[in-house]
Amino acid sequence: MNESDWAVRRGSVRLTFDAFCETHERAWIWIARARLRDETAAYEAVGRMKRRLWQQWDRLLREKVPAFHAWALVKEEIGAALAEKLVNAEPRPPRGPAPAWVEAVHRSVASALDLAGDLTGDERSRERMYAAIERLSERRHDVVILRHLLGLEDSVIADYLGTTEASVRSTASQALDRLTQALGGRRGER
């Protein structure tokens, strides 16, 4: 391979990387924002993840499901950011009022549960939803954010989480059960 061939190949690899990031970055940012509760920290974690991703890009292209490996990297960076705050004795940002994104999850979950009348959109209800989401297991939390905030298809979520669509549906159902219980209801009730 001569020098110009290498430059063309490197340019196309960069274009592929950029397209991959553009496709998935919204999910990476939102999961980091939801876990870190700090927009600046979320963007920093995703930036570190993208640098690591670029370093591993040639290998990642040979993976069966690159989105799963990228998801694992972003989760590692989120964990590292949380650990760094803990080591530096930095408190997590105060929970304060529910962030704006909780309203979108709230509406989607209420619709999925067919409980729109029971889950009013008032601040108290959003606060309860936020607290309930934060108490979910990490897998359930991720599925709720990916499915109910970002509206991703189960097949895409399955790729991110390295699982099957059936497992995503099961996890989503379990998350809805937990959220319903936390909000004082039972699924199937009106």
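Above this text you will find the structure in question.
Residues numbered from 1 in each chain as written. Predicted model: local features only at pLDDT ≥ 70, side-chain atom pairs only at ≥ 80, totals over all residues. Heavy atoms only, no water.

Comments concerning helix H9 (residues 165–182)
Residues that lie three or four places apart on an α-helix share one face, since the helix turns once every 3.6 residues.
And step 1. Taking 1.5 Å of rise per residue, the 18 residues of H9 would be expected to cover 26 Å, and the 25 Å separating its terminal C-alpha atoms lies within 8% of that figure.
And step 2. Where H9 is concerned, the buried positions are Val 168, Thr 171, Ala 172, Ala 175, Leu 176, Leu 179 and Thr 180.
And step 3. Immediately downstream of H9, the backbone of Gly 184 shows phi near 85°, a positive value. (Helix = DSSP H or I, 4+ residues; strand = E, 2+ residues; numbered from the N terminus. Expected span 1.5 Å × (residues − 1). Buried < 20%, exposed > 50% of the residue type's maximum accessible area, 1.4 Å probe, protein only.)

Section: the nonpolar core
And step 1. By size, the foremost hydrophobic cluster in this structure holds 50 residues, and its most contacted members are Trp 28, Leu 53, Trp 71, Val 74, Trp 101 and Leu 179.
And step 2. Among the elements that make up this core, the one with the highest residue count is helix H1 (residues 3–36) (ten residues).
And step 3. Apart from the residues lying within four places of it in its own chain, the contact partners of Leu 53 are Phe 17, Phe 20, Cys 21, Trp 28, Leu 60, Ala 70 and Leu 73. (Core = buried A, V, L, I, M, F, W, Y, C linked by side-chain atoms within 4.5 Å. Contact = heavy atoms within 4.5 Å.)

Here we look at the environment of Ala 34
And step 1. Structurally, the position occupied by Ala 34 is in helix H1.
And step 2. Sequence separation between Ala 34 and Trp 101 is 67 residues; the distance between their C-alpha atoms is 8.7 Å.

Read these as layout, nothing more, since geometry by itself doesn't imply function.
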